[in-house]
Amino acid sequence: MLVDGMALLFRAFYATAVTGQFMYNSQGIPTNGVQGFVKHMLTAVSSFRPSHVAVCWDMGSKTFRTEMFQDYKANRGDAPIELIPQFELVKEIVEAFDIPNIGLEGYEADDCMGTIAKNVDEPLNVQILTGDRDILQLLDERIQVILLQKGYGNYSVYTEDTFFAEKGILPHQMIDVKALMGDPSDNYPGVKGIGEKTALKLIQQFEHVDGVVTNLEQLTKGHRTKIEKDLEMLHLSRKLAEIHCQVPIQYSIEEALLTINREKVLDKFTEVGFKGLTRFLDFEEESAS
């Protein structure tokens, strides 16, 4: 199981921050995001029982995508002040579980997860735990995506087949759909005036962006004009949308083998002032019995 660290941390933080429940410990450090992260991760581990676990992280806001397009994710504000000290704390907690923290400057967590998932030795199957639908482009016969839903323990589990049944395209064609429609959350425009419905229809008909461009004469005048006007941005948006699966990260499958030292974890919980999380470790006793 590959865990999208930032997706879980941010989700947990905002779920409690909205009511001001920052859960300061005795050192004055807010811990709401980290405690929620632990609940999300352990609930998923209990539900899906992976043999190996690793957590992947974004390593700063500057990546190869911001070099290509300086407005990439430029619409996102600074992290709330209560969240900032939790970035390092959450990695300390992950280390206490003897789970690897993986990330590389210049790349996003998605790129690291894609690199590991697509290059892991057969016959291991991979599940990616996230709240970000962008990762669905990685689905294949060995890769599943577990999308977090509201609350703890609620998921939408995607396979190649369920994705095709929902969208009518193959997972990798999602890159071409996003190239056409853009992505407001990542702040790249795609082709102005082309929405998801039209983008899906065009990719279903022509398979990919190059197929659409090659067959512009078959499009309606309105769609053809929009694409011709934004042709350069269309190709750039496709590069921004695609998860890079050849990141030069160092990782070891052996180190990701899930072997939790309960005493070590509980000592860390006590050190940082976590309470009420012990029950989330109970799945270990279930699996041992």
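Residues numbered from 1 in each chain as written. Predicted model: local features only at pLDDT ≥ 70, side-chain atom pairs only at ≥ 80, totals over all residues. Heavy atoms only, no water.

Asker: What is the right way to look at helix α4 (residues 86-96) in this model?
Answerer: Note on helix geometry: an α-helix contains 3.6 residues per turn, so any two residues three or four positions apart are oriented the same way. Of all the residues in α4, the buried ones are Gln86, Leu89, Val90, Lys91, Ile93, Val94 and Ala96. Buried residues along α4 sit in contact with α1 (5-17), α2 (32-48), β2 (54-56), β3 (101-102) and α12 (262-272). Positioned one or two residues after α4, Asp98 has a phi angle of 60°, which is positive. (Buried < 20%, exposed > 50% of the residue type's maximum accessible area, 1.4 Å probe, protein only. Helix = DSSP H or I, 4+ residues; strand = E, 2+ residues; numbered from the N terminus. Contact = heavy atoms within 4.5 Å.)

Asker: Could you clarify how one ought to interpret the nonpolar core in this entry?
Answerer: One recurring pattern in soluble globular proteins: nonpolar side chains tend to sit buried together. Formed by 44 residues in total, the largest nonpolar core has its most connected members in Leu2, Ile128, Leu136, Leu180 and Ile227. At the level of secondary structure, the elements contributing two or more residues to this core comprise β2, α5 (109-119), β4 (126-130), β5 (143-148), α7 (174-181), α8 (196-206) and α9 (209-214). Apart from the residues within four sequence positions on either side, Ile227 is in contact with Leu180, Val191, Leu202, Val212, Leu216, Leu219 and Leu234. (Core = buried A, V, L, I, M, F, W, Y, C linked by side-chain atoms within 4.5 Å.)

Asker: Before we go on, may I ask you to explain the pairing of β4 in this structure?
Answerer: Each regular strand carries side chains that alternate between the two faces of the sheet. Of all 5 residues that make up β4, 5 are buried, and the element is covered over most of its length. Across the two faces of β4 the burial is the same, with Val126, Ile128 and Thr130 and Gln127 and Leu129 all buried. Of the strand pairs in this sheet, strand β1 (residues 2-4) and β4 are connected by 2 bridges, and their pairing is parallel. Bridge pairing in β4 links Val3 to Leu129. The pairing of β4 with β5 spans 5 bridges and is parallel. (Pairing = 2+ DSSP bridges.)

Asker: What is the right way to look at the side chain of Asp134 in this model?
Answerer: Structurally, the position occupied by Asp134 is in the loop between β4 and β5. There is a polar contact of 2.4 Å between the side chain of Asp134 and the side chain of Lys178. Beyond its immediate stretch of four places on either side in the chain, Asp134 contacts Asp110, Met174, Lys178, Asp183, Asp186 and Ile243. (Polar contact = N/O pair within 3.5 Å; in protein donor to acceptor, adjacent residues only side chain to side chain.)

Asker: Just to check I follow, could you spell out the packing of aromatic side chains for this structure?
Answerer: How two aromatic rings sit relative to each other is given by the distance of their centres and the angle of their planes. Under the defined criterion, the tally for this structure stands at 11 aromatic pairs. Considering the side-chain rings of Phe64 and Tyr107, the 5.6 Å spacing of their centres and the 50° angle between planes classify their relative orientation as tilted. Of this pair, Phe64 sits in helix α3 (residues 64-68) while Tyr107 sits in the loop between β3 and α5, and the two are 43 residues apart along the sequence. Take Phe64: its relative accessible area is 24%, and that puts it in the partly exposed class. Ring centres of Phe269 and Phe274 lie 5.6 Å apart, and the angle between their planes is 45°; on these two criteria the pair is classed as tilted. (Phe/Tyr/Trp six-rings, centres within 6.5 Å; stacked < 30°, edge-to-face > 60°.)

Note that all results are geometric; they support no functional claim without further evidence.
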